[in-house]
Amino acid sequence: MPSLIDLALEGRQVAEQRPWPRTIVEFPVWNFAADQLAEGAWSLSGLWGEPSAVHMALVDEETAQAAVISLACPNRSFPSVGRRHPPALRLERTIRDLFGVEAMGPPDARPWLDHQRWGTRFPLGAPAVPGDPSPYPFLPVEGDSLHQIAVGPVHAGIIEPGHFRFTAGGETVVRLEQRLGYTHKGVEGLMAGADLTRAAQLAGRVSGDSTVAYALAFARAAEAALGIDAPARAIWLGALMAELERLANHLGDIGAICNDASFALMLAHCSVLREDVLRAADTAFGHRLMRDVIVPGGVARDLAADGAAAIRAVVATIRRRFPALVELYDNTASLQDRTVGTGVLTPALARHYAAGGYIGRASGRAFDARRSLAYAPYDDLQFDVPVLTEGDVNARVWVRIREVEQSLSLVEQILDRLPGGALLAPLEASANAGEGMAIVEGFRGDVLAWLRVAGGRIERCHLRDPSWFQWPLLEAAIEGNIVADFPLCNKSFNCSYSGHDL
Amino acid sequence: MRRLLLPSLLRRPLTEAAPAPDDAALREIAAAVDAAARRRLGRSLSIREVDAGSCNGCELEIHALNNPYYDVERFGIRFVASPRHADVLLVTGPVTKNMREALQRTYDATPGPKWVVALGDCARDGGCFAGSYAVAGGASEVVPVDLHIPGCPPPPLQILRGLLALLEQVDRGAKAG
Ligand code: SF4
């Protein structure tokens, strides 16, 4: 198997990208990389555009290497990766919608984020006047006694907007087709030209439930681009916030999944624990979701004087209460009846799509950026990465349960060993230019941030939510399940709409 | 399960005391709730939440209103599944151009009397997403807004105080009528 380093030697290296290499390649190497993805040698971690270039982020899980290859597109087209490797398809449709750079020969040339409502086409490329609106062509379905159920974009619960089109034979889902993009806010457009402060705020608002993970990914990428290092205390506080965010979300999800199986008692108890975590976060960092605390160069504020005590108290509470909830989950037959064997995602598909987070880890894919890429301070902390192979709703619940336990331990380790010292490295940004990339493990999976800075401003920033490689798998996992189990499966995935739509 | 239920019976409830309604909110909505509407609603409000393009942060805190600490149903405030059952639309996020029509249609599907509460800094004026090619602006770009609850996201207690102010107006009128 070729290594990513060999690949990087095949092209012209861009000197200023850190910490991983970026190489400008020609068609054959681009196609070779797509073939390697299809064969499973590497994982696709991102595919994004610029007005006349496309970039592809690759990760080699075995050697813990990452690399970016770029292809110049003077003719506004590039060889489709999705044709060889379907996980790239929606990303290519997005590149066309935003930049007008076309993938050649993709099996799916429909628009994706562009719903023909922006009043312009290719807003980040060479903007063009849109044609007359035409209806979105959903995939045709043929067969006896099939019916369709269209749901959304406004759903029945307090959730984000998206459209789901079910084709069902009786009760059973034959196909689910998603249509997303409703929450597209044009974040990458707003990023261009923004100073680092504003850009960091935008990054922290890409997906509210992962505001810490995004702020962290953005800050690390910006620091890499500027060639500075955040001080040790900031790095450890960042990890502390990331683990609190993971705890809050996993606790909320475990309760909500059980609630979607009509077991409200778990929701009540788990939502109390979640609230306890948010209150501790508020005490410790001045904001319940810990928003805008991590910034390029470090952290904007220190742990409050009573913060450590508040966090230790909530860890103790969860340690006391959570085991009984786990036992209840495990021993309630009516609940297990709904979650076991429901919404199965096969390990092969999870690997093919490089599905991150609990979705991948419940289907045998052991990738966790904290372990696999071993960024600080996780290289210095003890924790397990729980992996199951069943791939059903139950497995996704169990991975979350085990991760709650790991995060509790991580929080304690961080508090025990929190280094002192400065909070913020000075940014002499205006003089510097550079490119940086970071991959950070959010609660949902790995978030990728890539950016180019010049004169203290963002030239181009791309943020890739883990949901990009998870949403398509929900379409596969729901097949053959009953329509009524969709909310349960959907919640067990808990993909981000806003993070995906950007 | 007994191991969970029994201690719950013996523990003192977690639920917080009711907060005072928000003064600023009270002033803002005083005009929007007239006596006739108050008579019809009594002391209850059915809310339909509409995410018009939020980052999902506002949704997290709206969800928190249902946890035992805030237990919003004790005030007669209920989240409903359909706009046709709703008195109030609780709108979050900058209204994206891709969601504009869906918000308008949800509003049109809500029977009168109805109120619109714009929740979060984005719903006020687009927040940090204002000016994007993909964003129409705040909720008032599309539907008439009766009350704003600021914050990014507003914490649950703040949301509760805003909603109580609305409820207070409704209730006061019901008694007067
Ligand atoms: S106000 Fe803040 S939390 Fe709410 S949608 Fe906007 S950015 Fe997200």
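Residues numbered from 1 in each chain as written. Chains lettered and ligands numbered in written order. Predicted model: local features only at pLDDT ≥ 70, side-chain atom pairs only at ≥ 80, totals over all residues. Heavy atoms only, no water.

Enquirer: Hey, could you run me through the overall build of chain B in this one?
Expert: Each helix and strand in chain B was counted, giving seven helices and seven strands. From first element to last, N terminus to C terminus, chain B shows the α and β order α-α-α-β-α-β-β-β-α-β-α-β-β-α. Within chain B, the fraction of its 177 residues that count as buried is 56%. Long-range pairs, those at least 24 residues apart, make up 84% of the contacts in chain B between residues at least 6 apart in sequence. Accessible surface, chain B: about 7400 Å² in total, of which carbon and sulfur atoms supply 51%. (Helix = DSSP H or I, 4+ residues; strand = E, 2+ residues; numbered from the N terminus. Buried < 20%, exposed > 50% of the residue type's maximum accessible area, 1.4 Å probe, protein only. Contact = heavy atoms within 4.5 Å. Areas by Shrake-Rupley, 256 points an atom, 1.4 Å probe, with all protein chains shown as cover.)

Enquirer: So what exactly am I meant to see when it comes to the site of the ligand here?
Expert: If you check the shell around the ligand, you find Arg205 and Arg291 of chain A together with Ser54, Cys55, Gly57, Cys58, Gly120, Asp121, Cys122, Gly151, Cys152 and Pro153 of chain B and nothing else. With respect to the ligand, its neighbouring residues span chains A and B. Residue assignment for the shell around the ligand shows that the elements contributing at least two residues are helix 4 (57–64) and helix 6 (121–125) of chain B. By residue class, the composition of the shell around the ligand is five nonpolar, four polar and three charged. (Near = heavy atom within 4 Å. Nonpolar A, V, L, I, M, F, W, Y, C, P; charged D, E, K, R; others polar.)

Enquirer: Would you mind showing me how to read the sheet that holds strand 1 (residues 45–51) of chain B here?
Expert: The strands making up a sheet are joined through hydrogen bonds of the backbone, oriented either antiparallel or parallel. Residue and element names in this part refer to chain B. A sheet is described by the order of its strands in space; here five strands give the open sequence 2-1-3-5-7, paired in parallel fashion. The open sheet has two free edges, formed respectively by strand 2 (77–79) and strand 7 (147–149), since each of these has just one partner strand. With strand direction ignored, the average angle separating the axes of adjacent strands in the sheet is 30 degrees. With five bridges connecting them, strand 3 (residues 88–92) and strand 5 (residues 115–119) associate as parallel partners. Pairing of Thr92 across the sheet is with Leu119, part of strand 5. (Pairing = 2+ DSSP bridges. Axes fitted to C-alpha atoms, helices over the stretch in contact; angles between N-to-C directions.)

Enquirer: What exactly am I supposed to notice about helix 9 (residues 307–331) of chain A here?
Expert: Count 3.6 residues to each turn of an α-helix, and residues three or four apart come out pointing the same way. For helix 9 of chain A, spanning 25 residues, the distance from its first C-alpha to its last is 36 Å, which sits close to the expected 36 Å at 1.5 Å a residue. The axis of helix 9 of chain A is deflected most strongly, by about 35 degrees, at Arg321 of chain A, and proline Pro323 of chain A appears within four residues downstream. (Expected span 1.5 Å × (residues − 1). Bend = angle between axes of the 7 residues up to and from the residue.)

Enquirer: Hey, could you run me through the nonpolar core in this one?
Expert: Note on soluble globular proteins: their nonpolar side chains tend to be buried together. Among the nonpolar cores identified, the biggest contains 176 residues, and Trp30, Met56, Met191, Phe218, Phe285, Ile311 and Phe322 of chain A are the most heavily contacted of them. Among the elements that make up this core, the one with the highest residue count is helix 7 (residues 232–260) of chain A (15 residues). Summarising the domain contributions, this core has at least three residues from each of domain 1 (4–104) and domain 2 (207–465) of chain A. Ile47, Val72, Val117 and Leu160 of chain B belong to the second largest nonpolar core, which has 25 residues in total. (Core = buried A, V, L, I, M, F, W, Y, C linked by side-chain atoms within 4.5 Å. Domains from an automatic or database assignment.)

Enquirer: Please clarify how the domain arrangement of chain A should be interpreted in this entry.
Expert: For interface size, the figure often reported is the accessible area lost on association. Residue and element names in this part refer to chain A. For chain A, the assigned domains read domain 1 (4–104) and domain 2 (207–465). Spacing between the C-alpha centres of domain 1 and domain 2 amounts to 27 Å. Between domain 1 and domain 2 lies a buried interface of about 2000 Å² when both sides are counted; carbon and sulfur atoms form 58% of it. Broken down residue by residue, the surface that domain 1 buries against domain 2 is led by Arg18, Trp20 and Trp48, which jointly contribute 28%. (Buried area = accessible area lost by both parts, 1.4 Å probe.)

Enquirer: When you look at the pairing of strand 1 of chain B in this model, what are you seeing that I'm missing?
Expert: Remember that side chains alternate between the two faces of the sheet whenever the strand is regular. All names here are of chain B. Within strand 1, seven of the seven residues are buried, which leaves it mostly tucked inside the rest of the structure. Across the two faces of strand 1 the burial is the same, with Leu45, Ile47, Glu49 and Asp51 and Ser46, Arg48 and Val50 all buried. Bridging between strand 1 and strand 2 involves three bridges; their strand directions are parallel. Across the sheet, Leu45 pairs through a bridge with Ile77, a residue of strand 2. With helix 4 bridging strand 1 and the parallel strand 2, this β-α-β connection has right-handed handedness. For strand 1 and strand 3, the ladder comprises five bridges, and the chain directions are parallel. What sits directly across from Arg48, in strand 3, is Leu89. (Right-handed = clockwise from strand over helix to strand, strands pointing away.)

Enquirer: Can you help me understand the interface of chain A and chain B in this one?
Expert: In this complex, chain A contributes 53 residues to the contact, which on the side of chain B involves 51 residues. Carbon and sulfur atoms make up 60% of the surface buried where chain A meets chain B, a total of about 4100 Å² over both sides. Of all residues in chain A, Arg117, Ile158 and Lys185 of chain A bury the most surface against chain B, accounting for 18% of the area lost on that side. At the junction of chain A with chain B, the criterion picks out two salt bridges. In this structure, Glu61 of chain B engages Arg288 of chain A in a salt bridge whose closest nitrogen and oxygen atoms are separated by 2.5 Å. At the boundary of chain A and chain B, one finds 25 residue pairs in polar contact (both at pLDDT 80 or more). Secondary-structure elements contributing two or more residues to the side of chain A that touches chain B are helix 4 (187–191), helix 5 (196–203), helix 8 (264–285) and helix 9 of chain A. In terms of residue count, helix 8 of chain A provides more of the side of chain A that touches chain B than any other element does, 10 residues in total. Broken down by class, the residue content of the side of chain A that touches chain B amounts to 25 nonpolar, 14 polar and 14 charged. (Salt bridge = Lys/Arg side-chain N within 4 Å of Asp/Glu carboxyl O. Polar contact = N/O pair within 3.5 Å; in protein donor to acceptor, adjacent residues only side chain to side chain.)

Enquirer: What am I meant to see in empty space enclosed by the protein here?
Expert: Over the atoms rolls a probe the size of a water molecule, and its path tells where empty space is left. Residues and elements named next belong to chain A. On inspection of all chains with the given rule, the structure shows seven cavities of 30 Å³ or more. Reported here for the largest cavity is a volume of approximately 130 Å³. What lines the largest cavity is a set of 18 residues, among which Thr94, Leu98, Glu188, His462 and Trp468 lie closest to the centre. Of all the secondary structure elements, the ones that give two or more residues to the lining of the largest cavity are strand 4 (43–50), helix 3 (89–99), strand 16 (457–464) and helix 17 (497–501). With five residues, helix 3 is the largest single contributor of residues to the lining of the largest cavity. Both domain 1 (4–104) and domain 2 (207–465) contribute no fewer than three residues apiece to the lining of the largest cavity. (1 Å grid on protein atoms, 1.4 Å probe; cavity = no way out; pocket = protein on both sides within 12 Å on 5 of 7 lines; lining within 4 Å. Points joined across faces, edges and corners; volume = space filled by probe spheres on them.)

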